[in-house]
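Residue-level listing of the chains:
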Amino acid sequence: MNNNLENISLFLDSKAAETGAAQNTLEAYARDLSEFSNWSSDHSKNVLDIARTDIEQFLVHMLYQGLAASTRARRLSAIKQFYRFCVEENWRKENPALNIRGPGRNQKLPKTITLEHVDALLEAAQTSSKTEFHRVRETCLMQLLYATGMRVTEMMELLAITVRGDPTMILVLGKGSKERLVPLSKPAKKAIKDWLTKRDAKEELRKIKGFPKSRYLFPSNGKQGHLTRHWFYQKIKTWAVIAGIDPSLISPHTIRHAFATHLLANGADLRVIQTLLGHADIATTEIYTHVLHENLQSLVMNHHPLSKKDKIID
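Residues numbered from 1 in each chain as written. Predicted model: local features only at pLDDT ≥ 70, side-chain atom pairs only at ≥ 80, totals over all residues. Heavy atoms only, no water.

(A) Quick peek at the overall build of the protein chain. Check the secondary structure of the protein chain and you find 13 helices and 2 strands. Across the protein chain, the fraction of contacts at a sequence separation of at least 24, relative to all contacts at a separation of at least 6, is 60%. Carbon and sulfur atoms make up 53% of the accessible area of the protein chain, which amounts to about 17,600 Å² in all. (Helix = DSSP H or I, 4+ residues; strand = E, 2+ residues; numbered from the N terminus. Contact = heavy atoms within 4.5 Å. Areas by Shrake-Rupley, 256 points an atom, 1.4 Å probe, with all protein chains shown as cover.)

(B) The packing of helix α2 (residues 23–42) against helix α4 (residues 69–88), seen in detail. Across the interface, α2 lies against α4 with an axial gap of 9 Å and an inter-helix angle of 85 degrees. Between α2 and α4, the angle is such that the two are roughly perpendicular. Touching Y29, D32, L33, E35 and F36 of α2 are R74, R75, A78, I79, Q81, F82 and Y83, all from α4. Residue composition of the contact of α2 with α4, by class: 7 nonpolar, 1 polar and 4 charged. (Axes fitted to C-alpha atoms, helices over the stretch in contact; angles between N-to-C directions. Parallel < 35°, antiparallel > 145°, perpendicular 65-115°, else oblique. Nonpolar A, V, L, I, M, F, W, Y, C, P; charged D, E, K, R; others polar.)

(C) Local environment of the pattern of salt bridges. All chains considered together, the criterion is met by 17 salt bridges. One salt bridge connects K235 with E138, and the closest N-O pair in it is separated by 3.3 Å. Separated by 97 residues along the polypeptide, K235 in helix α9 (residues 229–243) and E138 in helix α6 (residues 132–148) bring together distant segments of the chain. Among the salt bridges present, the one from K213 reaches E204, with a minimum N-O distance of 2.5 Å. By relative accessible area, K213 is classed as partly exposed at 45%. On the basis of relative accessibility, which here comes to 37%, the residue E204 falls in the partly exposed class. In the salt-bridge network here, residues are joined through shared partners; they are D32, R74 and R75. (Salt bridge = Lys/Arg side-chain N within 4 Å of Asp/Glu carboxyl O. Buried < 20%, exposed > 50% of the residue type's maximum accessible area, 1.4 Å probe, protein only.)

(D) How the structure looks around the layout of surface pockets. Space inside the largest pocket adds up to approximately 600 Å³. In this structure, the largest pocket is lined by 24 residues; those nearest its centre are R151, K175, R256, G278 and H279. Those elements that provide at least two residues to the lining of the largest pocket are α7 (152–156), β2 (179–183), α9, α10 (252–265) and α11 (270–277). Counting residues per element, the lining of the largest pocket draws most heavily on α10, which supplies 4 residues. (1 Å grid on protein atoms, 1.4 Å probe; cavity = no way out; pocket = protein on both sides within 12 Å on 5 of 7 lines; lining within 4 Å. Points joined across faces, edges and corners; volume = space filled by probe spheres on them.)

(E) Focus on the side chain of R137. Locating R137 in the fold gives a position in helix α6. Take R137: its relative accessible area is 9%, and that puts it in the buried class. Sequence-distant contacts of R137, that is, excluding residues within four places in its chain, are made with W195, F218, L227 and W231.

(F) Representation of a nonpolar patch on the surface within the structure. On the surface, a cluster of nonpolar side chains totalling about 260 Å² of accessible area is made up of M169, L171 and L181. For L181, the position within the fold is in strand β2. (Patch = residues over 30% accessible without salt bridge, like charges linked within 9 Å, V, L, I, M, F, W, Y side chains within 5 Å.)

(G) Highlighting α9. A rise of 1.5 Å per residue sets the reference length of α9, with its 15 residues, at 21 Å; its end C-alpha atoms lie 21 Å apart and thus fit the reference within 8%. Of all the residues in α9, the buried ones are F232, I236, K237, W239 and A240. Taken around the axis of α9, the buried residues stretch over an arc of 160 degrees, which confines them to a single face. Along α9, the residues that are exposed and aim more than 90 degrees away from the buried face are H230 and V241. Tucked into the core, α9 has its buried residues touching α5 (115–127), α6, α7 and α10. Just downstream of α9 lies G244, where phi reads positive at about 75 degrees. (Expected span 1.5 Å × (residues − 1). Arc of directions from axis to C-beta.)

(H) Unusual backbone geometry, seen in detail. One non-glycine residue with positive phi stands out, namely N90, at about 65 degrees. On the secondary structure map, N90 appears in the loop between α4 and α5. The residue D166 is not glycine, and still its phi comes out positive at about 55 degrees. Turning to its location among the elements, D166 is positioned in the loop between α7 and β1 (169–173).

(I) Structural detail: the nonpolar core. Core analysis: the biggest nonpolar cluster contains 72 residues, and L144 and M155 have the highest contact counts within it. By residue number, the principal contributor to this core is α6, which donates 8 residues. When neighbours within four sequence positions are excluded, L144 is seen to be in contact with M150, M155, L158, I170, L184, I192, L217 and F218. (Core = buried A, V, L, I, M, F, W, Y, C linked by side-chain atoms within 4.5 Å.)

(J) Structural view of the environment of G278. Structurally, G278 can be placed in the loop between α11 and α12 (282–286). Taking the C-alpha atoms as reference points, G278 and R151, 127 residues apart in sequence, are found 9.3 Å from one another. Residues contacting G278, with those up to four places away along its chain left out, are R151 and R180.

(K) Highlighting the packing of aromatic side chains. Scanning the entire structure with this criterion turns up 13 aromatic pairs. Through a chain of ring-to-ring contacts, three or more aromatic side chains come together here, namely F11, Y29, F36, W39, F58, F82, Y83, F85 and W91. (Phe/Tyr/Trp six-rings, centres within 6.5 Å; stacked < 30°, edge-to-face > 60°.)

Here is the structure:
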């Protein structure tokens, strides 16, 4: 689309005239915006009609190209300045890139754990408590957390009605009161079914004694009416000790990270993971892509024919 290049050219002229940008800077802007323009044209879009989701898709496109975080951050900066210029020129009413965060250059990778660690924690949850009631409840907690990647607060505030009727997906209320659907695995569905049987029986007894029934999936006698994130934090640390795992590696959020990294390692699309985690910005989800790099390196080392030879062929 020629309009794309014409609008970008006017932006570059403005930069040269108004800010006295150096030639190298102008050339960098031109290269970065040219890449964005080409991508837009390939997707039959005019740059003046681009939405925030389109820019996020471009960020994902760059990620899968293997571009460095610094390159992606620089291109996003150029896009933001271009659309700020578009607003100033009254070509658009809003800047679609305004609230998109860049990938960052020194992001701290989240702690994550292996599938073997998850299995060990599940085993501890299934066996560590003294009563069957608590073992069934804690199995449900661990299965549900790993199956959905929910934030622990989201899980604690789940209403019992949300999981009744053997659903394949449940509605989660996340940050900013935003709702999202997350799927349930077969083990999680079974754990929920077993827990509802125990939970409902206890709630019936409470009703007989004159207490009101709880609406929460994981009720408690505390002020909030449900189990708390602090309670679960302590509980999962206990499971780690029982499982022989360094408790400093384990927290409720670690399970959320494991959910994301294990999905990504097995081929899930980054935008699907963004939706499941309830991330508003794709840049937040990008941090999990370190798994891709580790897997690709492992793939080459284990399967490339030259890596299996003792002698290097020049």
